[in-house]
Amino acid sequence: MQYGPAVRRRKLGAELRALRARTGLTSGEAARLVGWHQSKVSRIETGASGVKPADVRLLLDAYGVAEAELRELLLILAGSHDGGRDHWWHAYRGVLPPTYRDFISLESQASAMRTLETSVVPGLLQTPEYARAVTRAAVEGLDEERLDALVEVRLARQDVLRAHRPLELTAVLDEAVLRREVGGPEVMARQLRRLVEAGRLPQVRLQVLPFRAGAHIGITGPFVILSFPSTSDLDVVVLDHMTSSLYLEQREDLQAYSEAFNTLRTHALSPEDSLDFIAGIGDDT
């Protein structure tokens, strides 16, 4: 049984603790209701140990949680395949580093993503050719088989935009993303057309931060804010580094990055003007 990354264990435990508190139960009383020792409830709530989906169901039933969407989300955080969501990335365990698998897992469960990109097109909007060129440049010494697998993963991730309840994507793109020629002129031209097409989807909102905006609050680097249905307590900021990813979960961090993203949007072109801007660069490519 896969219990998920530490960030998910902590978030799941915090949500279960809040649900228990809402019922007025102590951890000892909750444990007696489900036939456990109090220490097991405590370990789950602090994220010190993983928890099986069946145990999460027991707790949710004991706490009287009937909301289907919230139950599904918490069960998925516990590693359940309920709800018809196939954890397809497990098939790439030998190819993907754990931090990337963790990110894909969280992304697949999120209801919304806000992202600032300063160098490359967001992975959810990349064409196959662009994804191949970016991956080849970012990971040295790749053989063709592993390169193919990583590109397959990048494209499979894009299914979240076509799901029954699609991920809502809001992306602020620095102009450098559009100007940097990745894979050659033809690849870049197709990628820019793809961005325009994606930007017209109801679940996608693109805004360009033009060079003329000057220095801005996001100049130190890209970031992603993932939000989840039913509760904001599970939201997380993800910062990518060369060899790892950093997850920020504290309320003050989430507030700071949310405010920064809102500020960036005010300095960026409107979604309509942004699509015209991208199309104009594409015409010149």
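You'll find the structure just up there.
Residues numbered from 1 in each chain as written. Predicted model: local features only at pLDDT ≥ 70, side-chain atom pairs only at ≥ 80, totals over all residues. Heavy atoms only, no water.

So, empty space enclosed by the protein
Using the criterion set out here, one finds one cavity of 30 Å³ or more in the structure. Of the volumes computed, that of the largest cavity is approximately 30 Å³. Taken together, R9, L12, G13, I44, S49, G50 and V51 form the lining of the largest cavity. Tallied by class, residues from the lining of the largest cavity come to three nonpolar, three polar and one charged. (1 Å grid on protein atoms, 1.4 Å probe; cavity = no way out; pocket = protein on both sides within 12 Å on 5 of 7 lines; lining within 4 Å. Points joined across faces, edges and corners; volume = space filled by probe spheres on them. Nonpolar A, V, L, I, M, F, W, Y, C, P; charged D, E, K, R; others polar.)

Some remarks on the packing of helix α6 (residues 98–109) against helix α8 (residues 144–157)
Packing of α6 against α8 brings their axes to within 11 Å, and their N-to-C directions diverge by 20°. One finds that α6 runs roughly parallel with respect to α8. Seen along the crossing, α6 lies across α8 with a hand that is left-handed. Counting all contacts with α6, which are made through Y100, F103, I104 and E107, the residues of α8 involved are V153, R154 and R157. For the contact of α6 with α8, the class distribution of residues is four nonpolar, no polar and three charged. (Axes fitted to C-alpha atoms, helices over the stretch in contact; angles between N-to-C directions. Helix = DSSP H or I, 4+ residues; strand = E, 2+ residues; numbered from the N terminus. Parallel < 35°, antiparallel > 145°, perpendicular 65-115°, else oblique. Left-handed = near helix turned anticlockwise from the far one by under 90°. Contact = heavy atoms within 4.5 Å.)

Some points on the environment of I281
With respect to the helices and strands, the residue I281 is situated in helix α12 (residues 271–284). Judged by relative accessible area, I281 falls into the buried class, the value being 6%. For I281 and L192, which are 89 residues apart along the polypeptide, the C-alpha to C-alpha distance reads 7.9 Å. Dropping the residues within four chain positions of it, I281 is found in contact with L178, R179 and L192. (Buried < 20%, exposed > 50% of the residue type's maximum accessible area, 1.4 Å probe, protein only.)

Observations regarding the side chain of Q158
Secondary-structure assignment places Q158 in the loop between α8 and β2 (168–174). Within the structure, the side chain of Q158 is placed 2.8 Å from the backbone oxygen of Q126, a separation counted as a polar contact. Setting aside its immediate chain neighbours within four residues, Q158 contacts G123, L124, L125, Q126 and R194. (Polar contact = N/O pair within 3.5 Å; in protein donor to acceptor, adjacent residues only side chain to side chain.)

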